[in-house]
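Structural characterization, general
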Amino acid sequence: QYSPDSVAGADGQIDPTEVTFPGCSCRSSSCVAPQCPCLHRGHSYSSLGLVLAEQQEQQPFSRPVFECNSLCSCGEGCRNRLVQRGLQLRLQVFRTQRKGWGVRALEPIPRGRFVCEYAGEVLGFAEAQRRSQAQAPHEPNYILAVREHLHDGRVLETFVDPSRVGNVGRFLNHSCEPNLFMVPVRVDSMVPKLALFAAADIAAGEELSYDYSGRFHNLPGASREHKPLEEENSLRKPCYCGSRTCASFLPWDSSLFSTP
């Protein structure tokens, strides 16, 4: 079932459509920092998308992204409403030679531009683990675990499964040298939208990809991927990204497959 936005999972634990953030009282057509409380919380957008300043990549933590929401007084044309508008680009799902389905751009995409969301069912940990362990080794695994490391040591986890309900993001392939990177963007609540932005200028016809492990555009060690045990190698899938730094296998995170 195609859905442009994430939905509550079958376990009913998390409803991504629930509005829990207060709205801003800005009366301007487009909010500006630092007056707008939404922008005051974190990162802001440029005219194209996410600002990719090189100095920010050297900071130990990136700033969070909060968009204006349905309770805000600003208009629908506010610059701080980007990911919530959904897909605005022409993309194509196509059959690749070795990687199954893939997605390519049908128009040039400039660096920093929002491309699409990775949407699906938002699950709690128990249901995400149950579904992962119920999969046969040959079945594709679409469940994405995103972990946000806070400055105080806490880790926020979000599990999205587009296996049954999802959007075009489910067809994006992994690359060890990708042209997209993922940013959790919050609009109405603490449940983030998993937004994919262009990490470089992308040409029309180029396949779109991101790093499933979270290593790309993140600090070393931010990923929970580890060197797998020998018996785990049978569960891993080969990587066909073809990049110079290819790790030979797709990223592996055993947390959803391990039992207490």
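Residues numbered from 1 in each chain as written. Predicted model: local features only at pLDDT ≥ 70, side-chain atom pairs only at ≥ 80, totals over all residues. Heavy atoms only, no water.

1. Some thoughts on helix H3 (residues 125-134)
Rule in force here: Burial classes: relative accessible area under 20% of the type maximum marks a residue as buried, over 50% as exposed, and values in between as partly exposed (1.4 Å probe, protein chains only). Secondary structure counts use DSSP, requiring at least four H or I residues in a row for a helix and at least two E residues in a row for a strand, with both numbered from the N terminus. When checking whether two residues touch, look at their non-hydrogen atoms; a contact exists if any pair is within 4.5 Å.
Here H3 has its buried residues at Glu 127, Ala 128, Gln 129, Arg 131 and Ser 132. Buried residues along H3 sit in contact with strand E6 (121-123) and strand E8 (155-161).

2. Description of the packing of aromatic side chains
Given two aromatic rings, one states the distance between the centres and the angle between the planes to describe the pair. So the rule is basically this: Pairing of aromatic side chains here covers Phe, Tyr and the six-membered ring of Trp, requires ring centres within 6.5 Å, and sorts the geometry by plane angle: under 30 degrees stacked, over 60 edge-to-face, intermediate tilted. Placement of a positive charge over a ring is assigned whenever Lys NZ or Arg CZ falls within 6 Å of the ring centre and within 35 degrees of the normal to the ring plane.
This model, assessed by the stated rule, comprises seven aromatic pairs. Taking 6.4 Å as the distance between ring centres and 35° as the angle between the ring planes, the aromatic pair formed by Tyr 45 and Phe 197 counts as tilted. Placement of the pair is Tyr 45 in the loop between helix H1 (37-40) and helix H2 (54-57) and Phe 197 in strand E11 (residues 193-198), with a sequence separation of 152 residues. Residue Tyr 45 shares its accessibility class with Phe 197, and that shared class is buried. Among the aromatic residues, those joined into a cluster by ring pairs are Tyr 45, Phe 114, Phe 181 and Phe 197. Above the ring of Phe 94, the side-chain terminus of Arg 104 is found at 4.1 Å from the ring centroid. One residue, Arg 170, lies across the ring of Phe 171, its end atom 5.1 Å from the ring centre.

3. Some words on the nonpolar core
Quick reminder of the rule: Take the buried Ala, Val, Leu, Ile, Met, Phe, Trp, Tyr and Cys residues and link them wherever side-chain atoms come within 4.5 Å; each set so joined is a nonpolar core.
Ranked by size, the top nonpolar core spans 22 residues in total, and within it Leu 91, Ile 109, Val 115, Leu 172, Leu 180 and Leu 208 carry the most contacts. Elements with a minimum of two residues in this core: strand E4 (101-105), strand E5 (114-117), strand E7 (144-149), E11 and strand E12 (207-210). For this core, the leading source of residues is E11, giving three residues. For Leu 172, the residues in contact, after removing those within four places along its chain, are Val 103, Cys 116, Leu 180, Leu 196, Leu 208, Tyr 210 and Tyr 212. Counting twelve residues, the second-largest nonpolar core is a separate cluster that includes Leu 82, Val 83, Phe 114 and Val 185.

4. Let's talk about the sheet that holds E4
Stated precisely, the cut-off is as follows: When DSSP locates at least two bridges between a pair of strands, those strands are taken to pair.
Judged by pairing direction, the sheet is mixed, and its four strands sit side by side in the order E3-E4-E12-E9 without closing on themselves. Both outer strands of the open sheet, strand E3 (91-95) and strand E9 (173-174), are each paired with one neighbouring strand and no more. Pairing geometry for E9 and E12, over two bridges, is parallel. Paired with His 174 across the bridge in E12 is Tyr 210.

5. A closer look at the sheet that holds E11
One open sheet holds the four strands; their spatial order is E2-E10-E11-E5, and the pairing between them is mixed. Looking along the sheet, the strands with just one partner apiece sit at the ends: strand E2 (65-66) and E5. For strand E10 (residues 180-186) and E11, the ladder comprises six bridges, and the chain directions are antiparallel. Along E11, the bridge assignment pairs Pro 184 with Leu 194.

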